[in-house]
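Residues per chain, in single letters:
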Amino acid sequence: MSVVKSPLSEQDRKIVGDALQGALVDLVDLSLVAKQVHWTIVGPRFRSVHLQLDEVVATARQHADTVAERASALGIAPDGRAETVARTSGIDTVGGGWNKDVDAVRLLVEALGSVITRMRERVRATDEPDPVTQDLLIGLTGELEKHHWMFQAENA
């Protein structure tokens, strides 16, 4: 049941809905992974990486809300529940315990790279069915790529 009617055809709505749902899950999980690493980082670069992790969390949370609201605007119920994120996320899990700063940076490079790869696939998938959603995904992918670059530079 959808109380919000979409201007998209059912086929386009399915493609766009899948892209937005996948993006939402990736962004929610990215925020959780970055926050977990933020809490457990140790090492000489603690402070700078600790603060940089908060920037990733803020970006992911902001865009998760934007993505979820775009889905809602198209009559697609977003699902950011913990069980859905745990079941469908494409980000590798973070182990418990402390994370050395170099390991924390490596974890974020991998997580961001994984999310960016899927976001670029979503950008391609939404090209025809919904350029508005595509534009949203392009913008958020650009911000994620900036974080990815900055974390890569940390361990260069």
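Each remark here, short or long, concerns the structure printed above.
Rules used in this analysis
- Residues numbered from 1 in each chain as written.
- Predicted model: local features only at pLDDT ≥ 70, side-chain atom pairs only at ≥ 80, totals over all residues.
- Heavy atoms only, no water.
- Helix = DSSP H or I, 4+ residues; strand = E, 2+ residues; numbered from the N terminus.
- Buried < 20%, exposed > 50% of the residue type's maximum accessible area, 1.4 Å probe, protein only.
- Salt bridge = Lys/Arg side-chain N within 4 Å of Asp/Glu carboxyl O.
- Axes fitted to C-alpha atoms, helices over the stretch in contact; angles between N-to-C directions.
- Parallel < 35°, antiparallel > 145°, perpendicular 65-115°, else oblique.
- Contact = heavy atoms within 4.5 Å.
- Nonpolar A, V, L, I, M, F, W, Y, C, P; charged D, E, K, R; others polar.

Undergrad: Got a minute to help me understand the environment of Ala153 in this structure?
TA: Note that Ala153 resides in helix H5 (residues 131-154). Taking the relative accessible area as the measure of exposure, Ala153 reaches 47% and is therefore partly exposed. Taking the C-alpha atoms as reference, Ala153 lies 9.8 Å from Val109; in sequence the two are 44 residues apart.

Undergrad: Hey, could you run me through the pattern of salt bridges in this one?
TA: Two side chains bearing opposite charge may form a pair once their charged atoms approach each other closely. Tallying each qualifying case throughout the model produces 13 salt bridges. Its salt-bridge partner being Asp26, residue Arg118 comes within 2.9 Å of it at the nearest N-O pair. Residue Arg118 is found in helix H4 (residues 101-125), and its partner Asp26 is found in helix H1 (residues 10-40); the two are separated by 92 residues along the sequence. Of the residues examined, Asp26 reaches a relative accessible area of 2% and is grouped as buried. One continuous salt-bridge network, built from bridges that share partners, spans Asp26, Arg118 and Arg122.

Undergrad: Looking at this structure, how should I read the packing of helix H2 (residues 46-73) against H5?
TA: Helix packing for two helices is described by the angle between their axes and how far apart those axes are. At a minimum axis distance of 11 Å, the contact between H2 and H5 shows a crossing angle of 170°. Looking at the two axes, H2 sits roughly antiparallel to H5. From H2, Ser48, Val49, Gln52, Leu53, Glu55, Val56, Thr59, His63, Thr66, Val67 and Arg70 reach across to H5, where they touch Val132, Thr133, Leu136, Leu140, Glu143, Leu144, His147, Met150, Phe151 and Glu154. Of the residues assigned to the contact of H2 with H5, the class counts are ten nonpolar, seven polar and four charged.

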